[in-house]
Amino acid sequence: MKTKTILAVLSIIAFGSNNSAFSQETTNTKDKDIFSPYWFMQGQVGGAYTVGEATFSKLISPTAALSFGRQFTPIWGARLQVNGWEAKGAWISPYEKYKFNYIGVNADVLINLMNLFSSYKAKRVFDLYLLGGAERRGRRRFSSLRQARRPREVWPGAQARR
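Residues numbered from 1 in each chain as written. Predicted model: local features only at pLDDT ≥ 70, side-chain atom pairs only at ≥ 80, totals over all residues. Heavy atoms only, no water.

Chemist: Any chance you could break down the overall build of the protein for me, citing the residues and the numbers?
Modeler: The helix and strand inventory of the protein stands at three helices and eight strands. Each helix (α) and strand (β) of the protein, taken in turn from the N terminus, gives the series α-β-β-β-β-β-β-β-α-β-α. For the protein, the proportion of its 162 residues judged to be buried stands at 27%. The long-range share in the protein, meaning contacts at least 24 apart out of those at least 6 apart in sequence, stands at 54%. (Helix = DSSP H or I, 4+ residues; strand = E, 2+ residues; numbered from the N terminus. Buried < 20%, exposed > 50% of the residue type's maximum accessible area, 1.4 Å probe, protein only. Contact = heavy atoms within 4.5 Å.)

Now the structure itself:
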């Protein structure tokens, strides 16, 4: 239990941690920056919250992501991302907690808002991106086999499809 608590705390602390490795080549001709397309890799680690019937603190779990992408123009880019780790949930009546591992794969289009509304600068310290895309997610390994096979009621007398 201590290990899980320590892992959860470290994940929450690292929530804002975002490490990126960029390889970008620019040329400067008479105080004008010229953009060159570049590839990038990005790693993320943090905490995730699953909406459920328990308190907020009981449903926080660790998550991680790894992304690869390309910035095609100063404004447009694209990336592929793999993310996942663990998610938790709970039912109130009867009270039962469960957890499961998940993985998600998504493709995103990136729009650099700083370059959209101002000119491109190679030495800019801060960039703001708008992301949009699609994701496919899957789950495996419930905390108990009984929970994985348990039908969930959507409303009294009806069962959810599998």
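Chemist: Which residues make up the pattern of salt bridges, and what are the values?
Modeler: Scanning the entire structure with this criterion turns up four salt bridges. Note that Asp127 is salt-bridged to Arg124, the shortest N-O span being 3.8 Å. Between Glu135 and Arg137 there is a salt bridge, and its shortest N-O distance comes to 3.0 Å. By relative accessible area, Arg137 is classed as partly exposed at 45%. (Salt bridge = Lys/Arg side-chain N within 4 Å of Asp/Glu carboxyl O.)

Chemist: Residue-level account of the environment of Ile34, with values.
Modeler: With respect to the helices and strands, Ile34 occurs in strand S3 (residues 33-34). In sequence terms Ile34 and Lys121 are 87 residues apart; their C-alpha atoms lie 8.5 Å from each other.

Chemist: Break down the confidence of the model for the protein for me, with residues and values.
Modeler: Across the protein, pLDDT averages 76, with 67% of residues at or above 70. Within the protein, the lowest mean pLDDT, 45, falls on strand S1 (residues 18-22), and the highest, 94, falls on strand S5 (residues 60-71). Confidence drops under pLDDT 50 across residues 9-23; counting only partners more than four residues distant or on other chains, this segment forms 25 contacts. Below a pLDDT of 50 lies the segment residues 153-158, which in the model reaches three contacts outside its immediate sequence neighbourhood of four places, other chains included. (pLDDT = per-residue confidence, 0-100.)

Chemist: Summarise the side chain of Asn112; cite the residues concerned and give the values.
Modeler: Note that Asn112 resides in strand S7 (residues 96-112). At a separation of 3.4 Å, a polar atom in the side chain of Asn112 contacts the side chain of Tyr129. Those residues in contact with Asn112 that sit more than four places away from it in its chain are Gln71, Pro74, Ile75, Asp127, Leu128 and Tyr129. (Polar contact = N/O pair within 3.5 Å; in protein donor to acceptor, adjacent residues only side chain to side chain.)

Chemist: Could you give an account of the environment of Ile60, naming the residues involved and the relevant values?
Modeler: Secondary-structure assignment places Ile60 in strand S5. The sequence separation of Ile60 and Ala48 amounts to 12 residues, and the corresponding C-alpha distance is 5.6 Å.

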